[in-house]
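# Structural overview for review
Below are the chains, spelled out letter by letter.
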Amino acid sequence: MTAVPLRLLSSTACVDDGVLWVGGVPVPDLAARWGTPLFVYDEKDLRARCREAVAEFGAGSVVYATKAFLCGAMARLAHEEGLLLDVATGGELHTVLSAGVPGSACVLHGNNKSDEELRAALAAGVRHIVVDSFDEIDRLEAIHTATGAVARVQLRVTPGVHVHTHEYVQTGQDDSKFGFNLGNGDASRAVERARLSGALDLVGIHCHIGSNVFAVQNFTEASRVMVDFFAGLGLSELTLGGGLGVAYTSDETAPSIPEWAAALRTAVAPLPAGVRVMVEPGRAIVARAGLTVYTVGTVKPIGGIRTYVAVDGGMSDNPRPVLYGSGYEAFDPRRTEDPREGRARIVGKHCESGDVLIDDAAVPAGLAVGDLLVTPVTGAYGHSMANTYNKVPRPAVVFVADGESRLVVRRETLEDLVRLDVL
Ligand SMILES: Cc1ncc(COP(=O)(O)O)c(C=O)c1O
């Protein structure tokens, strides 16, 4: 019996004599070899989630939302597994193209795409652009006038539904910076404009209602609204976004990819055969495949109040607790089976009292300086949101599989931190 449920860990995770192994490698060995903080991804689990999504939705219909976790190795992996790649900025597009993924496998997103980003996407021959505003249509028309380029597009529509998730990651409601509003008629006006424009080849409609959504009913409700709108348009592609939630803590459960797919299939059943229904999962592909390993640097018991355990990372490698109040678990990978009878606030090394990773964590008794701490389910929106606040270098990322680990993003160095300075 592990103190942390194995369902929060990736599929190859196992425990031997109390020690956590992932991808056939003991996690303490990874910390010793690559240092901490360290992001560890289980490559088999990443591939399994990609395959599961493709099996449910079909080849060419799953777009991996790279914002969840992106580096060259991840871009290649998703491409090898037959996923398209959603890039929301010129930077994400550049990263994906630099990894050798063709532009034709990319979908460009973004609520405020610049001329440069649109031109770069068109030059790369992206599969389609998800158009988000009338201003963007103006820009594409200006580019068409200058270059003759015609953009294959889907239009992002906000269906006007509220979902149960943190308000910062709700995106399908009327009061949103994203997309064309369905309720006030903007979405219909955008369709008309796109149809009349020689700069646009309108192929479909898109929506994305939010992120870390646990209730499949939220997806069904939004999909029904979208199907109603889409049905009369005679278009060939409908993207229903990503947003599937994952369990981060022992008390959470989330629908699986097949359960999500089943709900969406029911909702789109009225559509004519031949319509391609696409999805854009990010978190559900990468979250559970990843974990973070830290080293404990200080243990500060404050009698009658609490114990602070500080690790060698913090809000710079995982800003989610600060941004959304997200919960996590923590455990010692050398003592995975020990009951977690102690309580501590797990904090980072940044100059903020708010630099909290876990507010009130169950930890093994006697946690001491030099111990390792693992936070599972950090594969999504951890490394991708990492920053260098306080000039703390960003962690390395390793992929593990079949008893081997390979570095896919090296640890940032002190030299990297001053590389952009002009003296
Ligand atoms: C347009 C779009 N598609 C897909 C996603 C992926 O969402 P998730 O990682 O929750 O699946 C996002 C993330 O917010 C998004 O903005």
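Criteria and cut-off values
- Residues numbered from 1 in each chain as written.
- Predicted model: local features only at pLDDT ≥ 70, side-chain atom pairs only at ≥ 80, totals over all residues.
- Helix = DSSP H or I, 4+ residues; strand = E, 2+ residues; numbered from the N terminus.
- Buried ≥ 20, exposed ≤ 12 C-beta atoms within 10 Å, placed from the backbone.
- Contact = placed C-beta atoms within 7 Å.
- Pairing = 2+ DSSP bridges.
- Axes fitted to C-alpha atoms, helices over the stretch in contact; angles between N-to-C directions.
- Parallel < 35°, antiparallel > 145°, perpendicular 65-115°, else oblique.
- Left-handed = near helix turned anticlockwise from the far one by under 90°.
- Nonpolar A, V, L, I, M, F, W, Y, C, P; charged D, E, K, R; others polar.
- Near = placed C-beta within 6 Å.
- Domains from an automatic or database assignment.

### Re the environment of Asp-317
Structurally, Asp-317 can be placed in the loop between strand 15 (306-311) and helix 11 (320-324). The class for Asp-317 is buried, based on 26 C-beta atoms found within 10 Å. On a C-alpha basis, the gap between Asp-317 and Gly-382 in space is 5.9 Å, while along the polypeptide they are 65 residues apart. The contact partners of Asp-317, leaving out residues within four places of it in the chain, are Pro-37, Thr-292, Gly-382, Ala-386, Arg-394 and Pro-395.

### Describing the sheet that holds strand 2 (residues 19-22)
Strand order in the open sheet made by the three strands is 1-2-3, with antiparallel pairing throughout. The sheet terminates laterally at strand 1 (14-16) and strand 3 (25-26), the two strands that pair on one side only. Bridge count for strand 2 against strand 3 is two bridges, and the pairing is antiparallel. Considered in strand 3, the bridge of Trp-21 is made with Pro-26.

### Observations regarding the packing of helix 2 (residues 43-57) against helix 9 (residues 257-268)
Running from amino to carboxyl end, helix 2 crosses helix 9 at an angle of 20 degrees, the nearest separation of the two axes being 10 Å. Relative to helix 9, the element helix 2 lies roughly parallel. Judged by the twist between their axes, the crossing of helix 2 over helix 9 is right-handed. Along its contact with helix 2, which presents Arg-49, Glu-52, Ala-53, Glu-56 and Phe-57, the element helix 9 presents Ile-257, Pro-258 and Ala-261. A per-class count over the contact of helix 2 with helix 9 returns five nonpolar, no polar and three charged.

### So, helix 3 (residues 72-80)
Within helix 3, the full set of buried residues consists of Met-74, Ala-75, Leu-77, Ala-78 and His-79. Of the surrounding elements, those touching the buried residues of helix 3 are helix 2, strand 5 (63-65), strand 6 (84-87) and helix 4 (90-98). Two residues or fewer after helix 3 comes Gly-82, characterised by a positive phi angle close to 90 degrees.

### Focus: the site of the ligand
Close to the ligand lie 17 residues; Ala-65, Ser-211, Gly-242, Gly-282 and Arg-283 are nearest. Along the lines of polarity and charge, the residues of the shell around the ligand split into five nonpolar, eight polar and four charged.

### Notes on the environment of Ala-344
Within the secondary structure layout, Ala-344 lies in strand 16 (residues 342-347). Classification of Ala-344 as buried rests on a count of 25 C-beta atoms within 10 Å. Considering only alpha carbons, one finds Ala-344 and Pro-301, 43 residues apart in sequence, at a separation of 8.6 Å. Residues in contact with Ala-344, not counting those within four places in the same chain, are Thr-307, Tyr-308, Val-309, Ala-361, Val-363 and Leu-367.

### Re the pairing of strand 16
Looking at chain direction, strand 15 and strand 16 are connected through three bridges and run parallel. Each bridged residue has a counterpart across the sheet, and for Ala-310 the counterpart in strand 16 is Val-347. As paired elements, strand 16 and strand 17 (residues 356-363) share five bridges and run antiparallel to each other. Across the sheet, residue Val-347 finds its bridge partner in strand 17, namely Val-356.

### Concerning unusual backbone geometry
Trans is the prevailing form of peptide bonds, just as negative phi is the prevailing case for residues other than glycine. In this chain, Thr-36 is followed by Pro-37 through a cis amide linkage whose omega measures -10 degrees. The residue Pro-37 is located in the loop between helix 1 (27-34) and strand 4 (38-42) in this model. The phi dihedral of Val-377 is positive, around 60 degrees, even though this residue is not glycine. With respect to the element layout, Val-377 can be found in the loop between strand 18 (372-376) and strand 19 (396-401).

### Brief notes about the domain arrangement of the chain
The domain architecture assigned to the chain consists of domain 1 (6-41 + 288-418) and domain 2 (43-286). Taking only C-alpha atoms, the centre of domain 1 and the centre of domain 2 are 31 Å apart. Taken together, the contacts link 28 residues of domain 1 with 22 residues of domain 2. Those elements that place two or more of their residues in the side of domain 1 that touches domain 2 are helix 11, strand 19 and strand 20 (404-409). In terms of residue count, strand 19 provides more of the side of domain 1 that touches domain 2 than any other element does, four residues in total. Here the residues of the side of domain 1 that touches domain 2 sort into 15 nonpolar, 10 polar and three charged.

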